[in-house]
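# Results of the structural survey
Each chain, written out:
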Amino acid sequence: MEQNVLAEETGKMSLHNSMEEIVFEKTKSIISKMNMCQCEKCFWDVCSLVLNQLPPKYVTSTKGKLMAKLPSMSHKKDADLTILITQCAKMVQEKPMH
């Protein structure tokens, strides 16, 4: 994340999938409420399962990142994302890879 800010300040272009940050934050919140392992491996496994099922939302600037984080997600999309993360977390919970 800091790499992209630095790249922008030095004039280099970079891409950032803003869905990653949204998924990371929401996944942390959801798995903390579940009775499952919260180790780094399980967290990343859940995130990768989720992100592989979502279309990316690429931005090229810090301003773009901030705009992507604004509450522009509809309640339905937010609920759909919560369901998807929960389903993926249950998959990891049932068969952890560690």
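The rules behind each value
- Residues numbered from 1 in each chain as written.
- Predicted model: local features only at pLDDT ≥ 70, side-chain atom pairs only at ≥ 80, totals over all residues.
- Heavy atoms only, no water.
- Phe/Tyr/Trp six-rings, centres within 6.5 Å; stacked < 30°, edge-to-face > 60°.
- Helix = DSSP H or I, 4+ residues; strand = E, 2+ residues; numbered from the N terminus.
- Buried < 20%, exposed > 50% of the residue type's maximum accessible area, 1.4 Å probe, protein only.
- Axes fitted to C-alpha atoms, helices over the stretch in contact; angles between N-to-C directions.
- Parallel < 35°, antiparallel > 145°, perpendicular 65-115°, else oblique.
- Left-handed = near helix turned anticlockwise from the far one by under 90°.
- Contact = heavy atoms within 4.5 Å.
- Nonpolar A, V, L, I, M, F, W, Y, C, P; charged D, E, K, R; others polar.

### Comments concerning the packing of aromatic side chains
One pass over the full model with this rule turns up three aromatic pairs. Arranged with centres 6.1 Å apart and planes meeting at 55°, the rings of Phe24 and Phe43 form a pair that is tilted. One end of the pair, Phe24, is in helix α2 (residues 18–33); the other, Phe43, is in helix α3 (residues 40–51), with 19 residues separating them in the sequence. Its relative accessible area of 8% is what places Phe43 among the buried residues. Taken together, a centroid distance of 5.0 Å and an interplanar angle of 85° make the contact between Phe24 and Trp44 edge-to-face. Here Trp44 lies in helix α3 and Phe24 lies in helix α2, a separation of 20 residues in the sequence. Residue class for Trp44 comes out partly exposed when judged on its relative accessible area of 40%. Joined through ring pairs, the aromatic side chains of Phe24, Phe43 and Trp44 make up one cluster.

### As for the packing of α3 against helix α5 (residues 75–94)
For the pair α3 and α5, the least separation of the axes is 9 Å and the interaxial angle reads 130°. On the basis of the axis angle, α3 is oblique to α5. Two packed elements cross with a definite hand, and for α3 against α5 that hand is right-handed. When α3 is examined against α5, the residues Cys42, Asp45, Val46, Leu49 and Val50 are found in contact with a partner set consisting of Leu81, Leu84, Ile85, Cys88, Ala89, Met91 and Val92. In terms of residue class, the contact of α3 with α5 is built from eleven nonpolar, no polar and one charged.

### Examining the environment of Ile83
When you line up the elements, Ile83 lands in helix α5. Note: C-alpha distance between Ile83 and Ile30 (53 residues apart in sequence) is 9.9 Å.

### Here's the deal with the packing of α2 against α3
Two numbers describe how α2 lies on α3: the axes approach to 10 Å, and their chain directions differ by 130°. With respect to each other, α2 and α3 are oriented oblique. Note that α2 runs across α3; the crossing there is right-handed. Between α2 and α3, the residues in contact are Met19, Glu20, Val23, Phe24, Thr27, Lys28 and Ile31 and Phe43, Trp44, Val46, Cys47, Val50 and Leu51, respectively. Here the residues of the contact of α2 with α3 are counted per class, giving ten nonpolar, one polar and two charged.

Keep in mind that these numbers describe shape and distance, not what the molecule does.
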